[in-house]
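# Analysis of the macromolecular model
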Amino acid sequence: MIRKQSIAYFVALCFFCISPLVTAKVNVVPVTFDSAPHKIVQEATKNVLEALNSGLDPVKQPEVFIDELSKILDPVIAFNFIARGVMGSYAKQASKEEVTQFAEVFRVGLVNTYGKGISNFSDLEISVLPPKQELGDKRRTVVVQEIRGASSTNQISYSMAKNKQGQWKMINVVLNGINLGQTFRGQFSAEVRKNKGDLAKTIDEWGQR
């Protein structure tokens, strides 16, 4: 299992793929097919870049920064779906209120982690790779993005799914073979066991980190 300190870095890097710093170079690769998921990732990149260029400072204006960031990420990421996946089988044991509470705690935690970690990245070149084939009637696909730095290249795969409302949302991220959903699910399960099955305590502790 990845250490908690590494998870914060991992989350920051994963979300950074969608949301580059002002100094990052964003290459918008032409989309060969009419792929809504790829365009959503490209648009999110553009929106966050513009927000950062407006002068938002994650250090001097943390609340404003996170609020603006949430406005961009909320329509793109299926936080509730991901949170349920993180809870795993415990979601069935939890009350509706506990599931709702964890979903919100999880969302705020990820956005906060991203807000703190984003200032560590700069001078990167980001590209969304074009789709290899038409989606057709498919309701799930993977959008691949590459992040090139001075000494390394990271590849991120975004699992995208179309919900009942016909909206494409990000439901998982895999960074260089490391599965974000599985990583957090393992951590949540370990903490529930540590708390001897106390879900309420686990959710509270997750929110306090």
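Our subject is the structure that appears above.
A brief structural summary. (Residues numbered from 1 in each chain as written. Predicted model: local features only at pLDDT ≥ 70, side-chain atom pairs only at ≥ 80, totals over all residues. Heavy atoms only, no water.)

### Regarding helix H4 (residues 79-87)
Definition in use: Only protein chains enter the calculation, and the probe is 1.4 Å; a residue is then buried if its accessible area is under 20% of its type maximum, exposed if over 50%, and partly exposed in between. Helix and strand labels come from DSSP, where a helix needs a run of H or I of at least four residues and a strand needs a run of E of at least two; each type is numbered from the N terminus. Relevant arc is that of directions from the helix axis to the C-beta atoms, nothing else.
Within H4, the full set of buried residues consists of Phe79, Ile82, Ala83, Val86 and Met87. Along the axis of H4, the buried positions cluster into a sector of 140°, meaning they face one direction only. With its phi angle positive at about 60°, Gly88 sits one or two positions after the end of H4.

### Examining the environment of Val143
Counting through the fold element by element, Val143 comes out in strand S3 (residues 140-148). Residue class for Val143 comes out buried when judged on its relative accessible area of 0%. For the pair Val143 and Lys39, spaced 104 residues apart in sequence, the C-alpha to C-alpha distance is 9.7 Å.

### Focus on helix H8 (residues 199-208)
Residues that lie three or four places apart on an α-helix share one face, since the helix turns once every 3.6 residues. We apply this condition: Polar contact is the term for a pair of N or O atoms within 3.5 Å; when the atoms are in protein, one must be able to donate a hydrogen and the other to accept it, and sequence-neighboring residues count only if both atoms are side-chain atoms.
Restricting attention to buried positions, one finds in H8 the residues Leu199, Thr202, Ile203 and Trp206. Here the buried residues of H8 occupy an arc of 95° about the axis, which is enough to place them on one side. A distance of 3.2 Å separates the backbone nitrogen of Ala200 from a side-chain oxygen at the start of H8, and that oxygen is part of Asp198.

### Details of the packing of helix H7 (residues 180-194) against H8
The criterion, for reference: Axes here mean lines fitted to C-alpha atoms, for a helix over just the part in contact, with angles spanning 0 to 180 degrees between N-to-C directions. These descriptions rest on fixed angle ranges, namely under 35 degrees for roughly parallel, over 145 for roughly antiparallel, 65 to 115 for roughly perpendicular, and the rest for oblique. For any pair of crossing helices, the crossing counts as left-handed if the nearer helix is rotated counterclockwise from the farther one by less than a right angle, and right-handed if it is rotated clockwise. In this description, contact between two residues means that some pair of their heavy atoms is separated by no more than 4.5 Å. Side-chain classes are defined by residue name, with Ala, Val, Leu, Ile, Met, Phe, Trp, Tyr, Cys and Pro counting as nonpolar, Asp, Glu, Lys and Arg as charged, and the others, Gly among them, as polar.
Contact geometry for H7 and H8: axes closest at 9 Å, N-to-C directions at 125°. If you check the angle between H7 and H8, you find them oblique. Of the two elements, H7 crosses H8, and the hand of that crossing is right-handed. On H8, the residues that touch Phe184, Gln187, Phe188, Glu191, Val192 and Lys194 of H7 are Leu199, Thr202, Glu205 and Trp206. Its residues assigned to classes, the contact of H7 with H8 comprises 5 nonpolar, 2 polar and 3 charged.

### What to know about the environment of Ile82
Tracing the sequence through the fold places Ile82 in helix H4. Taking the relative accessible area as the measure of exposure, Ile82 reaches 10% and is therefore buried. For the pair Ile82 and Arg107, spaced 25 residues apart in the sequence, the C-alpha separation amounts to 9.2 Å.

### With respect to the packing of aromatic side chains
Quick reminder of the rule: Aromatic pairs are defined between Phe, Tyr and Trp rings, using the six-membered ring for Trp, whenever the two ring centres lie within 6.5 Å; interplanar angles under 30 degrees are classed as stacked, those over 60 as edge-to-face, and all others as tilted.
Applying the stated criterion across every chain, the model contains 8 aromatic pairs. Plain terms: the ring middles of Phe188 and Trp206 are 5.9 Å apart, the flat faces sit at 55° to each other, and that makes the pair tilted. Linking Phe188 in helix H7 with Trp206 in helix H8, this pair joins segments that are 18 residues apart in sequence. Comparing Phe188 with Trp206, the two get one shared label, buried. Each residue in the set Tyr90, Phe102, Phe106, Phe184, Phe188 and Trp206 is aromatic and connected to the rest through ring pairs, giving one cluster.

### Observations regarding the packing of H4 against H7
Packing of H4 against H7 brings their axes to within 7 Å, and their N-to-C directions diverge by 50°. It follows from the interaxial angle that H4 and H7 lie oblique. For the pair formed by H4 and H7, the contact residues are Gly85, Val86 and Met87 on the first element and Phe184, Arg185 and Phe188 on the second. Its residues placed into classes, the contact of H4 with H7 shows 4 nonpolar, 1 polar and 1 charged.

### Focus: the side chain of Asn154
Position of Asn154 among the secondary structure elements: in strand S4 (residues 153-162). There is a polar contact of 2.6 Å between the side chain of Asn154 and the side chain of Asn176.

### Considerations on the layout of surface pockets
Quick reminder of the rule: Both cavities and pockets are sets of points on a 1 Å grid over the protein atoms alone; in a cavity a 1.4 Å probe fits but cannot get out, in a pocket the set is open with protein on both sides within 12 Å along at least five of seven lines, and lining residues sit with an atom within 4 Å of a point. Grid points are joined across faces, edges and corners, and a volume is the space filled by probe spheres set on the points.
Estimated volume of the second largest pocket: approximately 200 Å³. Lining the second largest pocket are 13 residues; nearest its centre among them are His38, Pro131, Lys132, Thr141 and Val142. The element that contributes the greatest number of residues to the lining of the second largest pocket is S3, accounting for 4 residues. Looking at the lining of the second largest pocket, its residues break down into 7 nonpolar, 3 polar and 3 charged.

### Some points on the pattern of salt bridges
To keep things clear, this is the line we draw: One speaks of a salt bridge when a side-chain nitrogen belonging to Lys or Arg is within 4 Å of a carboxyl oxygen belonging to Asp or Glu.
By the definition in use, this model includes 6 salt bridges. We note a salt bridge from Glu146 to Arg148, for which the minimum N-O separation is 3.1 Å. Take Glu146: its relative accessible area is 17%, and that puts it in the buried class. Between Glu205 and Lys194 there is a salt bridge, with its nearest N and O atoms 3.5 Å apart. Of this pair, Glu205 sits in helix H8 while Lys194 sits in helix H7; the two residues are 11 residues apart in sequence, bridging distant segments of the chain. Owing to a relative accessible area of 52%, Lys194 belongs among the exposed residues under this scheme. Each of the salt bridges in this network shares a partner with another, and the network as a whole consists of Asp67, Glu68 and Lys71.

Interpretation in functional terms is not warranted from these geometric data alone.
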